[in-house]
Amino acid sequence: MDLSIVISLLNEEESLRELTEWIHDSISTSHIKDIEYEIIFINDGSTDNSWNVISEMAKSDSHIKAIAFRRNYGKAAALHTGFAKAEGNVIITMDADLQDSPEEIPELYRMIVEDGWDIVSGWKKKRYDNVLMKNIPSKLYNWTARKVSGLKLHDMNCGLKAYRKDVVKDIELYGDMHRYVPFIAKNAGYTRITEKVVIHRKRKYGHSKFGLDRFVHGLLDLMTLWFLGKFGKKPMHVFGFGGLLAFFIGIILTLIIITTKLVAQSKGLPFRPVADQPLFYIALVTLILGFQMFLTGFLGELVSRSSQNRNEYKIKDAIR
Ligand code: UDP
Ligand code: MG
């Protein structure tokens, strides 16, 4: 199999036929018309007629494969399941709502096969979504994602992306992590990541499935990924360092408080009671904080110690 097109969908009954036909047309009229490909639909718990439409289409179209979740698990779960099923050497994901154009497929495919990219991420340079709700927040969010991930992508969360097979088989998506597949792949050691400007269109039917909470969740996930990528295998290095620092400052402050009091006492000079000094409270807080950070670090180590994959590394090559 050369190409798998993975499409996750939630209540997109009106779009599915049009989308499937358009995919077939785009491939059969292009330079990749002879490739062997499959279209994998992941029905993410749709409550409309989507599944009937898919099973009806699958009767006469052997390219179509499909999985239906019993309930809605989210796009990341759907893509993960689609990735596991995919047999193609190249995997292309796209949204089911006709906002992504299948006409991009041949070029995306070529960029993976011929130019040797691991990931080609779509960039909706001209975007047809609500300006206030999506376009502007998305710019801000992509800027943050660029800074944190170190990936120079303008549109990390674009639904239209192409992957080399190894990439999708190697990474794990869950929760809302579909937004950061390139970042996850980078953490897994894939570095050949680029982007391609893609055509974007207005949503033709139905409505967007993601509300405003996308931004809060997106930001939290970004922080998690950053942390896991940097310290996932050694949490003590973050918390231990902070703990040491806080503890050290606390000890120094305590020593200062004690010596000033002792010195004043021995010379018979007046001095403020220890519990009246701001420094005393600062010392107290830093000591407790330092101790707690240490504990967090140890707990983190215990957790990562008991994890199944703590000694799982991404192996690229081996000889003999
Ligand atoms: N989607 C999904 N599960 C969900 C939410 C969305 O599979 O829980 C699908 C949806 O059907 C569409 C794609 O993910 O094919 C992108 O969703 P949407 O168009 O609502 O996002 P937007 O384009 O507004 O960012
Ligand atoms: Mg959409």
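Read on for a plain summary of the structure. Because the structure is predicted, anything quoted here is derived from the model rather than measured.

### Details of the packing of helix α9 (residues 235–267) against helix α10 (residues 278–305)
Relative to each other, α9 and α10 sit at 155°, their axes nearing to 7 Å. Between α9 and α10, the angle falls in the class roughly antiparallel. Two packed elements cross with a definite hand, and for α9 against α10 that hand is left-handed. Here the contact of α9 with α10 is composed, by residue class, of 20 nonpolar, 11 polar and one charged.

### Comments concerning the site of ligand 1
Near ligand 1 lie 18 residues; those nearest to it are Asp44, Asp97, Lys134, Ser208 and Lys209. Here a nitrogen atom of ligand 1 and a side-chain polar atom of Asp44 are 2.6 Å apart. Its free accessible area being 530 Å², ligand 1 has 94% of it covered by the protein chains. The pocket occupied by ligand 1, as judged from atoms lying within 2 Å of grid points, is the second largest pocket. Class assignment for the residues of the shell around ligand 1 results in four nonpolar, five polar and nine charged.

### Let's talk about helix α4 (residues 105–113)
Regarding α4, the residues found buried are Ile105, Pro106, Leu108, Tyr109, Met111 and Ile112. The secondary structure elements touched by the buried residues of α4 are β1 (3–9), α1 (16–28), β4 (90–95), β5 (119–123), β6 (161–164) and β7 (193–197).

### Section: the packing of helix α5 (residues 131–149) against helix α8 (residues 213–231)
A pair of packed helices is captured by two measures, namely the crossing angle of their axes and the spacing between those axes. In contact at an axis separation of 11 Å, α5 and α8 are set at 5° when each is read in the N-to-C sense. For the element pair α5 / α8, the angle class is roughly parallel. Across the interface between the two elements, Met133, Lys134, Pro137, Ser138, Thr144, Ala145 and Val148 of α5 pack against Arg214, Phe215, Leu219, Leu222 and Trp226 of α8. When its residues are assigned to classes, the contact of α5 with α8 shows eight nonpolar, two polar and two charged.

### Some words on α9
The end-to-end C-alpha separation of α9 is 48 Å, in line with the 48 Å expected for 33 residues at 1.5 Å each. Pro235, Met236, Gly240, Gly242, Gly243, Ala246, Gly250, Leu253, Ile257 and Ala264 are the residues of α9 that are buried. Looking one or two residues beyond α9, the residue adopting positive phi is Gly268, at roughly 70°.

### Details of the packing of aromatic side chains
One pass over the full model with this rule turns up eight aromatic pairs. Judged by centre distance (6.1 Å) and plane angle (55°), the ring pair of Phe227 and Phe239 falls under tilted. Of this pair, Phe227 sits in helix α8 while Phe239 sits in helix α9, placing them 12 residues apart in sequence. For Phe239, a relative accessible area of 25% translates into the label partly exposed. Seen from their ring centres, Phe280 and Tyr281 are 5.1 Å apart, and the 80° between their planes marks the pair as edge-to-face. The aromatic ring of Trp117 is capped on one face by Arg192, whose charged end is 4.7 Å from the ring centroid. Against the face of Phe215 rests Arg214, its NZ or CZ located 5.9 Å from the ring centre.

### Observations concerning the layout of surface pockets
Space inside the largest pocket adds up to approximately 1,000 Å³. Going through the elements one at a time, α7 (181–187), α8 and α10 are the ones with two or more residues in the lining of the largest pocket. Counting residues per element, the lining of the largest pocket draws most heavily on α8, at six residues. Residue composition of the lining of the largest pocket, grouped by class: 10 nonpolar, seven polar and 10 charged. Taken as a whole, the second largest pocket encloses approximately 670 Å³ of empty space. Around the second largest pocket, the lining is made up of 35 residues, and of these Lys75, Asp95, His178, Phe210 and Arg214 lie nearest the centre. Counting only elements with at least two residues in the lining of the second largest pocket, the list comes to β1, α5 and α8. Here the lining of the second largest pocket takes four residues from α5, the largest share from any one element. A per-class count over the lining of the second largest pocket returns seven nonpolar, 12 polar and 16 charged.

Thresholds, definitions, all that
Residues numbered from 1 in each chain as written. Chains lettered and ligands numbered in written order. Predicted model: local features only at pLDDT ≥ 70, side-chain atom pairs only at ≥ 80, totals over all residues. Heavy atoms only, no water. Axes fitted to C-alpha atoms, helices over the stretch in contact; angles between N-to-C directions. Helix = DSSP H or I, 4+ residues; strand = E, 2+ residues; numbered from the N terminus. Parallel < 35°, antiparallel > 145°, perpendicular 65-115°, else oblique. Left-handed = near helix turned anticlockwise from the far one by under 90°. Nonpolar A, V, L, I, M, F, W, Y, C, P; charged D, E, K, R; others polar. Near = heavy atom within 4 Å. Polar contact = N/O pair within 3.5 Å; in protein donor to acceptor, adjacent residues only side chain to side chain. Areas by Shrake-Rupley, 256 points an atom, 1.4 Å probe, with all protein chains shown as cover. 1 Å grid on protein atoms, 1.4 Å probe; cavity = no way out; pocket = protein on both sides within 12 Å on 5 of 7 lines; lining within 4 Å. Sits in = over half its atoms within 2 Å of the grid points. Buried < 20%, exposed > 50% of the residue type's maximum accessible area, 1.4 Å probe, protein only. Contact = heavy atoms within 4.5 Å. Expected span 1.5 Å × (residues − 1). Phe/Tyr/Trp six-rings, centres within 6.5 Å; stacked < 30°, edge-to-face > 60°. Lys NZ or Arg CZ within 6 Å of the ring centre and 35° of its normal. Points joined across faces, edges and corners; volume = space filled by probe spheres on them.

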